[in-house]
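Below are the chains, spelled out letter by letter.
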Amino acid sequence: MKEKLIKLSSSLESNFFYDYDMSKATWFKAGGKAKALIVVKNEKELEIIMQSINQFPYYILGSGSNLLVRDIGYDGIIIKLGKSFNKIEINEDKIFAGASNLDVNLSSFAKKKNIKGFEFFSGIPGTIGGAIKMNAGCFGSDTSSVLNKIHYLNEQGKKNIVSADKLNMKYRSSNILDSSIITKAEFNIEYGNSEEINKKIAFVKKQRIKNQPLKEKSSGSTFKNPPNYYAAKLIELSGCKGIKNGDAIVSETHANFLINKGNASAKEIEDLGKKIIEKVYKKFNILLEWEIKIIGEKN
């Protein structure tokens, strides 16, 4: 793998890093190394890279806000879209946004243009590509409510454009394959009242500061909300709030957040999550599903 990547890198402007410590790239600040990290220069080079590496395992990295890499590491390639994928503009009455944009930047852009419906993005950590893939949302709104189309490359590096109604977007899910790389998205525009938009963004910010451990090393919501339940409430009622496993701890502020309080290993974090799953299932007969993505070889 490495020899092929070195040869490939010699003809490209994209940056290649080998044996990359993924704790530097994730919000948990924990975990092992990837065989390689590629920061892609532009869409043309992404096509070349995809055509060259599709026989190897790979994972698409956004901001690292929703990822845990196991301590043994990831025996594959991490792909991260570079600065050319973070443009935002209005074209033909749609917002065109590169997939590497932070969600909060999309919200800020819409706010400046008095476009409503994007306020909730100010409360979502991560990038637009990740938000689309998992239909991210909060406070009663989600990505599918404003999405029109996506542009993506498949594992052979072939470009595709698909309308949102073909993506089967449901709660924290879509039918977008893990092997596909979203490069750009088109969003519907509906203009609104600037005062109301500002109020909604202020509300989202206030609620996050009040109810989430924003200054801690955490990856946001750990588990998806089961139908008709809140994961945080189930976790709290199962006696899990504040429990520890080494330096990994369940947040006292929000029970659905796992925190690295020092030098927690990825295993300590994952095992703490497994303990929560067991305790909630034992008490409520409800099986929590991970919202964070866990990759890499098991110990």
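Since the model is a prediction, treat every value here as computed from it, not as a measurement.

Points about the sheet that holds strand β1 (residues 15-21)
Paired through backbone hydrogen bonds, the strands of a sheet run either parallel or antiparallel to each other.
1) Next: The strand order across the open sheet formed by 4 strands is β1-β2-β5-β3, and the pairing between neighbours is mixed. Edge positions in the sheet fall to β1 and β3 (58-61), since each of these pairs with one other strand and no more. Here the strands of the sheet are splayed against their neighbours by 25° on average, with no regard to which way each runs.
2) Next: Judged from the 4 bridges that link them, β3 and strand β5 (residues 74-81) form a sheet pairing that is parallel. Residue pairing in the sheet places Y58 in a bridge with I77 of β5.
3) Next: Running over the sheet, helix α2 (residues 43-53) touches β2 (33-40), β3 and β5 and is turned about 165° from β5.

With respect to the packing of aromatic side chains
1) Next: Summed over all chains, the structure comprises 7 aromatic pairs.
2) Next: With centroids separated by 5.6 Å and ring planes inclined at 70°, the aromatic side chains of F139 and F203 adopt a geometry described as edge-to-face. Highlighted residues: F139 in the loop between β8 (137-138) and β9 (141-142) and F203 in helix α5 (residues 194-211), separated in sequence by 64 residues.
3) Next: With a centroid separation of 4.9 Å and an interplanar angle of 40°, the aromatic rings of F223 and W290 are classed as tilted. Placement of F223 in the loop between β13 (217-221) and α6 (231-237) and of W290 in the loop between α7 (266-284) and β17 (293-295) is noted, with a sequence separation of 67 residues between them.
4) Next: Judged by relative accessible area, F223 falls into the buried class, the value being 1%.
5) Next: Through pairs of rings, three or more aromatic residues link up here, namely F118, F120, F121 and F187.
6) Next: Its end group placed over the ring of F284, K283 keeps NZ or CZ at 5.8 Å from the ring centre.

Basis of the calculations
Residues numbered from 1 in each chain as written. Predicted model: local features only at pLDDT ≥ 70, side-chain atom pairs only at ≥ 80, totals over all residues. Heavy atoms only, no water. Pairing = 2+ DSSP bridges. Helix = DSSP H or I, 4+ residues; strand = E, 2+ residues; numbered from the N terminus. Axes fitted to C-alpha atoms, helices over the stretch in contact; angles between N-to-C directions. Contact = heavy atoms within 4.5 Å. Phe/Tyr/Trp six-rings, centres within 6.5 Å; stacked < 30°, edge-to-face > 60°. Buried < 20%, exposed > 50% of the residue type's maximum accessible area, 1.4 Å probe, protein only. Lys NZ or Arg CZ within 6 Å of the ring centre and 35° of its normal.

Remember that the coordinates give geometry; whether it matters functionally is a separate question.
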